[in-house]
Amino acid sequence: MATETAVPASGGGIGLTTREKKILKDPLWDNNPITFQILGVCSALAVTVQMQTAVVMSMALTTVVAGSGLIISSLREYIPSKIRIIVQLTVIASLVIVVDQVLKAYLFNISKQLSVFVGLIITNCIVMGRAEGFAMSNPPREAFLDGLANGVGYSLILLAVATVREILGNGSWFGIRIVPEFLYAHGYVNNGLMVLAPGAFIIVGLLIWAQRTIMGVEKHD
Amino acid sequence: MNPVKLLEDKIEEARPLFEKGGKLEKLYPLFEAKETFLLSPATVTTGGTHVRDALDMKRLMIMVVAAILPTFFAGSYNVGLQALLAQGLSTDFISCMATGLMVTVPIVITSYAVGGFWEVTFALVRRHEINEGFLVTGLLFPLTLPPSIPLWMVAVGVSFGVVLGKEVFGGTGMNILNPALTARAFVFFAYPASISGDRVWVAGKALIFDKIFPFFTYSNESFVDGFSGATPLLVSASQKNGDVAAALGNAGFTLKQAFLGSIPGSIGETSTMACLIGAYILIVTGVGSWRIMVSCVAGALAMAALMNGVAGPESAGIMHLPGMWHLMLGGFMFGTVFMATDPVSAARTERGKIIYGLLIGALAVLIRSVNPAYPEGVMLAILFLNILAPLIDYTVMQGHFARRKAWRGAKNV
């Protein structure tokens, strides 16, 4: 079941085929992992209080999902279908450990702030979903591009949510004060709800609302 | 000439402009709102059975507004009274009322203006009618706020309540949660310092001035020096042990004051008497459900009795608070009469309403008693039961089906 390739892989040149362009474009908007498939919401709530953590988390997840796509797709002919989930998990877990160690070595403070959430990339539905749903049945090059695009789609939403949350909840962006002092002097107060997880839920909900309004509901059902 | 006839003619004259193909077709909801607000519309239902009744949505909502007004005026009077007392000024009726209205009217106007803006915007975009339900939400929400609330928070809160509490679900009648309480919950969690604590309940003189000219003056100390206006609930919650009624008495609160409403608190919630007048209006006109109100009170009394029973000498004062006090203090009566009975978000089956009410009352007192973070629990209890209401209805109906089936089986029909 894992060996089916509908379209022959492109000749290895730099130019992208139409199919590859579609693979790259879809997860950014039309089929966004967070706002359309509603996957990976847990980490989107947890790490978006500040921009800094959101950026690092985005890069970590994009690396893992692209890397695991590439590796699992390369192995797909040799993975027995009965134990495929275990093999996928092993690959993903190895990548997560590498990412985690790199963060600990070079970005220790942010790594501490992200705490368990880097480790929890293993259980992120986007990574498992792409591995099982795409990498197992498509050639490595496409699986890599698919992972990359899904990671970027996830990152876009994460950064949007973190932007709103940090500005409204903390008055800053990347730690730089955005809301001017005189507003505070006139009684402006940071929105405490944005720092709590429900604030992220509301922002993600608003993004989904905006996306469905722009795309039209029919396209969804 | 008959003025009503004149009005009718004017409206008929303008009608083609707003109907399909007319120049101002997009503004039809505004036209419709004005027409039905001023006149009884001539539209009739077509096909099928229908009930003929003079009570439509507009009359119903206006009845609720009428029931809320006593709490508004009692609350305004009390806001003035507390402010003048804090400043040591004379507290005759006229100056209390005038001072109070100077604080409460801007809050209500802000709520109506901003909320109304969203309501009309969604009506125009979604092409549905402007609904009078907003007249209720727009008045209920400010009454749940402390008088010292900054106006911009009122605006943000009511926007959240109308847009995310109601319109995202499809407008009036489709909302899961009570929009006014959703708005309050938003403000409560977003700006906790402005809506709870012991320094927000009394509007000082400088503050009143700030409200009218928000951009010209800024006073860091909005309160008279040395004044701290803890609400009775806060007093009972922070009373560590012993006789809570005595502690309340020491703080200057009596049960009679709590009933009449001359204690610090949110604008509309202080006067239990005014809430009872509202309850009377709602029950007599059949607009509000007496089952919900009565069972809320019963649930609260039962839970208070239980709490009093299990409270030891070491437990917080609020555990010892008698049930009667629970009914008089905080937003209990206000929530029970005006929020819990919201026909959209409450349970709909008769048996379900009783379960729903009992759970609200019990949960409200439970949160007050055992959760140290929230001295008040009515808002959270009602919102929680709003979410459970469909489940309660479902269970009640399934039980009904099962009994009917058993009955049929027994009679072998």
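Every residue gets a number counted from 1 within its own chain, in the order that chain's sequence is written. All chains are assigned letters beginning at A, and all ligands numbers beginning at 1, according to the order in which they are written. Owing to the predicted nature of the model, reporting of local features is limited to residues with pLDDT of at least 70; listing and counting of side-chain atom pairs is limited to 80 or more, with chain, interface and lining totals taken over all residues.

**Points about the packing of helix α1 (residues 3–18) of chain B against helix α2 (residues 28–38) of chain B**
Angle between the axes and distance between the axes are the two parameters that describe a pair of packed helices.
Residues and elements named next belong to chain B.
And step 1. With their axes 11 Å apart at the nearest point, α1 and α2 run at an angle of 165 degrees to one another. It follows from the interaxial angle that α1 and α2 lie roughly antiparallel. As α1 packs across α2, the resulting crossing turns out to be left-handed. From α1, Leu7, Ile11, Ala14 and Phe18 reach across to α2, where they touch Tyr28, Phe31, Glu35 and Leu38.
And step 2. Charged means Asp, Glu, Lys or Arg here, nonpolar means Ala, Val, Leu, Ile, Met, Phe, Trp, Tyr, Cys or Pro, and polar covers whatever is left, Gly included. Looking at the contact of α1 with α2 residue by residue, the class counts come to seven nonpolar, no polar and one charged. Working convention: axes come from line fits to C-alpha atoms, limited for helices to the stretch in contact. Angles between N-to-C directions cover 0 to 180 degrees. Each helix corresponds to a stretch of at least 4 residues labelled H or I by DSSP, and each strand to a stretch of at least 2 residues labelled E; elements are numbered beginning at the N terminus. For this classification, under 35 degrees means roughly parallel, over 145 means roughly antiparallel, 65 to 115 means roughly perpendicular, and everything else is oblique. By convention, the crossing between two helices is left-handed when the near helix turns anticlockwise from the far helix through less than a right angle, and right-handed when the turn is clockwise. Two residues qualify as a contact pair if the distance between their C-beta atoms, derived from the backbone, is within 7 Å.

**Section: the packing of helix α16 (residues 332–339) of chain B against helix α18 (residues 378–411) of chain B**
Residues and elements named next belong to chain B.
And step 1. Taken N-terminus to C-terminus, the directions of α16 and α18 make an angle of 25 degrees; their axes are 9 Å apart at the nearest point. By the angle between their directions, the pair α16 and α18 is classed as roughly parallel. Of the two elements, α16 crosses α18, and the hand of that crossing is right-handed. Two secondary-structure elements touch here, α16 through Phe332, Gly335 and Met339 and α18 through Val378, Met379 and Ile382.
And step 2. Residue classes in the contact of α16 with α18 are distributed as five nonpolar, one polar and no charged.

**Focus: the confidence of the model for chain A**
And step 1. Values of pLDDT, ranging from 0 to 100, describe the predictor's confidence in every residue of the model. Mean pLDDT for chain A: 87, with 91% of residues reaching 70 or above.
And step 2. This stretch, residues 1–12 of chain A, has a pLDDT under 50; its non-local contacts, to residues over four places away or in other chains, come to 16 contacts.

**What to know about the interface of chain B and chain A**
Think of interface size as the accessible area that goes away when the parts come together; that is how it is often given.
And step 1. Tallying the contact residues gives 11 residues for chain B and 10 residues for chain A.
And step 2. If you list the elements that add at least two residues to the side of chain B that touches chain A, you get α7 (179–190) and α8 (192–195) of chain B.
And step 3. Of the residues contributing to the side of chain B that touches chain A, the split by class is 10 nonpolar, one polar and no charged.

**Focus on the nonpolar core**
And step 1. B:Ala300, B:Tyr356, B:Ile360, B:Ala364 and B:Ile382 are the most contacted members of the largest nonpolar core, which has 101 residues in total.
And step 2. In this document the domain limits rely on a domain assignment from an automatic tool or a database. When we break this core down by domain, the ones giving at least three residues each are domain 2 (57–212) and domain 3 (242–400) of chain B.
And step 3. Those residues in contact with B:Ile382, other than ones at most four positions away along the chain, are B:Asn178, B:Leu181, B:Gly335, B:Met339, B:Ala340 and B:Ile360.
And step 4. Counting 42 residues, the second largest nonpolar core, distinct from the first, contains A:Ile72, A:Ile121, A:Leu158 and A:Val161. By definition, a nonpolar core groups buried Ala, Val, Leu, Ile, Met, Phe, Trp, Tyr and Cys residues that connect through C-beta atoms lying within 7 Å of each other. Burial is judged by counting other C-beta atoms within 10 Å of a residue's own C-beta: 20 or more means buried, 12 or fewer means exposed, and anything between counts as partly exposed, with every C-beta placed from the backbone.

**Description of the domain arrangement of chain B**
All names here are of chain B.
And step 1. Structurally, chain B comprises domain 1 (8–38), domain 2 (57–212) and domain 3 (242–400).
And step 2. The C-alpha centroid of domain 2 is placed 30 Å from the C-alpha centroid of domain 1.
And step 3. Taken together, the contact pairs eight residues of domain 1 with eight residues of domain 2.
And step 4. When grouped by side-chain class, the residues that make up the side of domain 1 that touches domain 2 number five nonpolar, one polar and two charged.

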